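Architecture at a glance
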Amino acid sequence: MNAREIIVRRAAQELLTLNDQSGYYVNLGIGIPTMIANHVPAGIPVVLQSENGMLGIGPYPYEGEEDPDLINAGKETVSEAAGTSYFDSALSFAMIRGGHVAMTFLGGLQVSAHGDLANWMVPGKMVKGMGGAMDLVAGARRVIVIMEHRAKDGAYKILNRCSLPLTGARVVHRIITEMCVLDVTQEGLRAVELLNGETPATVQAATEPKVIF
Amino acid sequence: MNAREIIVRRAAQELLTLNDQSGYYVNLGIGIPTMIANHVPAGIPVVLQSENGMLGIGPYPYEGEEDPDLINAGKETVSEAAGTSYFDSALSFAMIRGGHVAMTFLGGLQVSAHGDLANWMVPGKMVKGMGGAMDLVAGARRVIVIMEHRAKDGAYKILNRCSLPLTGARVVHRIITEMCVLDVTQEGLRAVELLNGETPATVQAATEPKVIF
Amino acid sequence: MNKVYPDAASALTDVPHGATVLVGGFGLCGIPEEAIFALHDLGARHLTIVSNNAGTTEHGLVHLLKNAQVKKMVSSYVGENEVFERQMLSGELEVELTPQGTLAERIRAGGAGIPAFFTATGVGTLVAEGKEVREFDGRPYVLERGIVGDFALVHAWKGDTDGNLIYRKTARNFNPMMAMAGRITIAEVEHLVQPGELEPDGIHTPAIFVQRIFQCRANTKHVERRTVRKRTP
Amino acid sequence: MNKVYPDAASALTDVPHGATVLVGGFGLCGIPEEAIFALHDLGARHLTIVSNNAGTTEHGLVHLLKNAQVKKMVSSYVGENEVFERQMLSGELEVELTPQGTLAERIRAGGAGIPAFFTATGVGTLVAEGKEVREFDGRPYVLERGIVGDFALVHAWKGDTDGNLIYRKTARNFNPMMAMAGRITIAEVEHLVQPGELEPDGIHTPAIFVQRIFQCRANTKHVERRTVRKRTP
């Protein structure tokens, strides 16, 4: 398995923590997080919320059944599940901002030891906009960032302090990388799981802040 | 004609000022203003908004066709017109507060020369609540108060300053009584029409602030 | 995910003393009557009830008032209810009156994660006393706070077992906002159907806002003011 | 009351230079394409456009950008559009980026007469710079302003001649809010029907928010990302 696959498979296991109390309403960010939909554990009745105005996303449509009026937040054609509802963007973000979405998975460029997230803008590069990411991190009850542990050039992505402009301050609850699962706690980052044969030493070496093992 | 009938008939003539620009969306307050619906001038396609969540109120239902789920803001059973829509109270007051209702007619206990309105509370008497009146006077584009010119005991109802708690400050555009039609202007109250054989002298005698004739 | 309860009593059984309970309906139209009866029978006390009205002397929330379960009411109009009047005058009952549109918006705001907003409604009146008033573009507005509830009780026409709701005519009124703002929203429905039976474009309250749902047994509806016209023969 | 226009050109003819125009749609889904073409052909310049996206390099609002009609865009996401990118980098185009949920709420607020509200979205980020931040119940929130437009352009599935609208699936998105916040709201509809033909409980945008309506001629729809699965044979 490559890093992306390790991350997505481990992330999907987070869905096992959902229950009738929390509800099963989950928002998957655009890009890699969308792939989590293919790995939902059996028996977990996850309902996917799409911030463009849909609750109950089904699988991609069969060839020839694409509907231009039926897309997800990544602008991909999708289908509807039984019990789907459609609504406008104001109600969609009322759900998100109002804390009705139990869990969201988002990609990250940088995460700090305090749970700050940067994932929308690299100064000097073309700015595309934050879309719904700032609302999701501010509103979802549990925010999980999934990303490769280090940048391609080996630079830290998990930092004492983000150098990139923030998407949200103190918003991340958990980070899942191909190396480990880290929780953001009052005391700092705490490793709750090591993946793929990593050790405390290898994880710490790839992480700027001190990790509690 | 009694005073109430004179007032309602004259008030209905206000609907002639509506046009395609203003729209024909009107909210009639509870009580006497509701009677204006029976006197809509021919050819004026007035659409009645009811703040409990309905646009396009029809006449009272035929006997036996009352529907407990179909009432107006006065809690009376009504019917629906062609093109009716239903919506929740938040959207209903978004219409009102957002300036989408062209005109509202409300009863009054007192109106001041500056257009302050008091119509919801008499200290010492049981308070029933303001309902939607404060939203209507703050949001409708034109606020017309219809009421008898003086109190039953002869006291002024049109005053330099309201003594009763206000429903809204500087919100009334026009007052229609059985004696006259008064506009609230920068210069003060201006009589735009005398009714029922009244004269400037009789109107002034029944009105505390100086009236401009 | 099982949201379906056999009846009102089982759905409301954990409403504690002192809870804030949001209740849908306008007058007696669209009130969650079976949920109200269950709350009466279960007996939670010191409740704060947020509802546009307080019922009439005979029907609706008056049952909770008569049973001395209500500490405070947040409403816009409370006429037509002698029990309410008596308890308010005697000081048994605390009352917060808020304009109807402001009440609707405060509840929607609570459900939408908005802690406060500005409105022109009530500026220059008793309603604005003690609140911040600020000018925007030359007009004064008053700052109003969002409202959330521990529980919300709503009445819908149709609901599916996932919790999607559709209301009927003016029985919609405050119900959708109450559903948004309840931490635990309990819906009573006249018709309980399977997921997929409701038109996805026609759903008024998406399932995410509803935690519990049950089908009404009696489904009595009350008319406050029967107004009719005669058929011309 | 006649709201029906024969086509987009006649409905948009009085949009002046410098107007603020709200445009519905998410990506290319639910955009009022015929109205955008008409605005292009009519040629109003120095426009401020409020729309979640700015179209792609080929479709949607890009036509106005190419024609140098846009002074400023207020959006949440503007990728996938090379023309936009070029004009922004060269300084021709002013851009205000606002989070998607805040944008949706600002437009709804504008339409609902709410000049400003507090939200937690964007606190501690560039978005909050220069804005008031205030704590409610121990959490910081930023003050955001309502948005209104001189015109709003929306696309609906069905509309009646009174102006009632129903949208289809995720083509609803920003359209209902844009309709609320336009002083003059112009709706293009795929199917124009008579009053009474739409189910009153199923109307998404009540007629009061729509000043002009016309039926689309071509009704082309674009798919940005065609994603499908194969049928197992």
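Worth saying up front: this structure is predicted, and the values here are computed from it rather than measured. (Residues numbered from 1 in each chain as written. Chains lettered and ligands numbered in written order. Predicted model: local features only at pLDDT ≥ 70, side-chain atom pairs only at ≥ 80, totals over all residues. Heavy atoms only, no water.)

1. Brief notes about the overall build of chain C
What counts, and what does not: Secondary structure elements are taken from DSSP: a helix is a run of H or I of four residues or more, a strand is a run of E of two residues or more, and numbering for both begins at the N terminus. Put simply, the radius of gyration uses C-alpha atoms, and a globule should come to 2.2 Å times the residue count raised to 0.38. Relative accessibility under 20% of the residue-type maximum defines a buried residue, over 50% an exposed one, and the middle range a partly exposed one, all with a 1.4 Å probe and only protein chains included. Any two residues whose heavy atoms approach within 4.5 Å at even a single point are treated as in contact. For the accessible areas, the method is Shrake-Rupley and the probe is 1.4 Å, while residue cover comes only from the protein chains on display.
Assigned secondary structure in chain C consists of six helices and 11 strands. Computed over its C-alpha atoms, the radius of gyration of chain C comes to 18 Å, within 12% of the 17 Å expected for a compact globule of 233 residues. A principal-axis box enclosing the C-alpha atoms of chain C has dimensions of 55 × 50 × 40 Å. Burial status across chain C gives 62% buried among its 233 residues. For chain C, contacts bridging at least 24 residues in sequence account for 71% of all contacts bridging at least 6. Carbon and sulfur atoms make up 48% of the accessible area of chain C, which amounts to about 8,400 Å² in all.

2. Overview of helix H4 (residues 82-89) of chain C
Residues and elements named next belong to chain C. Using the following cut-off: In this description, the arc belongs to the directions extending from the helix axis to the C-beta atoms. Residues adjacent in sequence count toward polar contacts only when both atoms are side-chain atoms; beyond that, a polar contact is any pair of N or O atoms within 3.5 Å, and within protein one must be able to donate a hydrogen and the other to accept it.
Among all positions in H4, only Val83, Phe84 and Gln87 are buried. Seen along its axis, H4 keeps its buried residues to an arc of 100 degrees; they face one direction. Exposed side of H4, more than 90 degrees from the buried face: Glu82, Arg86 and Leu89 are the residues found there. Near the N-terminus of H4, the side chain that reaches the backbone nitrogen of Val83, with its oxygen 3.1 Å away, is that of Asn81. Taken from the residues just after H4, Gly91 is the one with a positive phi, measuring 85 degrees.

3. A word on the sheet that holds strand E5 (residues 103-106) of chain B
Sheet strands pair via backbone hydrogen bonds, and the direction of the pair is either parallel or antiparallel. Residues and elements named next belong to chain B. Convention followed: Strands qualify as paired when DSSP identifies two bridges or more between them.
Reading across from one edge, E4-E3-E2-E1-E5-E8-E10-E11-E12-E13 is the order of the 10 strands in this open sheet, with mixed pairing throughout. In this open sheet, the two edge strands, each paired with only one partner strand, are strand E4 (80-86) and strand E13 (211-212). Bridge count between strand E1 (residues 25-28) and E5: three bridges; the pairing is parallel. Bridge pairing in E5 places Leu28 opposite Phe105.

4. Here's the deal with the side chain of Asp88 of chain A
Definition in use: Under the counting rule used here, the positive set is Lys and Arg, the negative set is Asp and Glu, and His together with the chain ends is not counted. Throughout this description, the term salt bridge denotes a Lys or Arg side-chain nitrogen within 4 Å of a carboxyl oxygen of Asp or Glu.
Take Asp88 of chain A: it is sitting in the loop between strand E4 (80-86) and helix H2 (89-97). For the buried Asp88 of chain A, no salt bridge exists, and the shortest N-O distance to an oppositely charged side chain is 5.6 Å, to Arg172 of chain D. There is a polar contact of 3.0 Å between the side chain of Asp88 of chain A and the backbone nitrogen of Ala90 of chain A. Here the side chain of Asp88 of chain A touches Leu91 of chain A through a polar contact of 2.8 Å, landing on its backbone nitrogen. Non-local contacts of Asp88 of chain A, meaning those with residues more than four positions away in its chain, are made with Arg172, Asn173, Pro176 and Met177 of chain D.

5. Here's the deal with the pairing of strand E2 (residues 47-50) of chain C
Residue and element names in this part refer to chain C. Applied cut-off: Viewed with both strands pointing away, a crossover whose connecting path from the first strand over the helix to the second turns clockwise is right-handed.
Taking every second residue as pointing to the same face, both faces of E2 are buried, with Leu47 and Ile49 on one and Thr48 and Val50 on the other. With three bridges joining them, strand E1 (residues 20-23) and E2 adopt parallel strand pairing. Within the sheet, the bridge partner assigned to Val21 lies in E2 and is Ile49. Viewed along the sheet, the connection from E1 through helix H2 (residues 33-42) into E2 turns out right-handed. With four bridges connecting them, E2 and strand E3 (residues 70-75) associate as parallel partners. Opposite Val50, over in E3, you have Val74 as the bridge partner.

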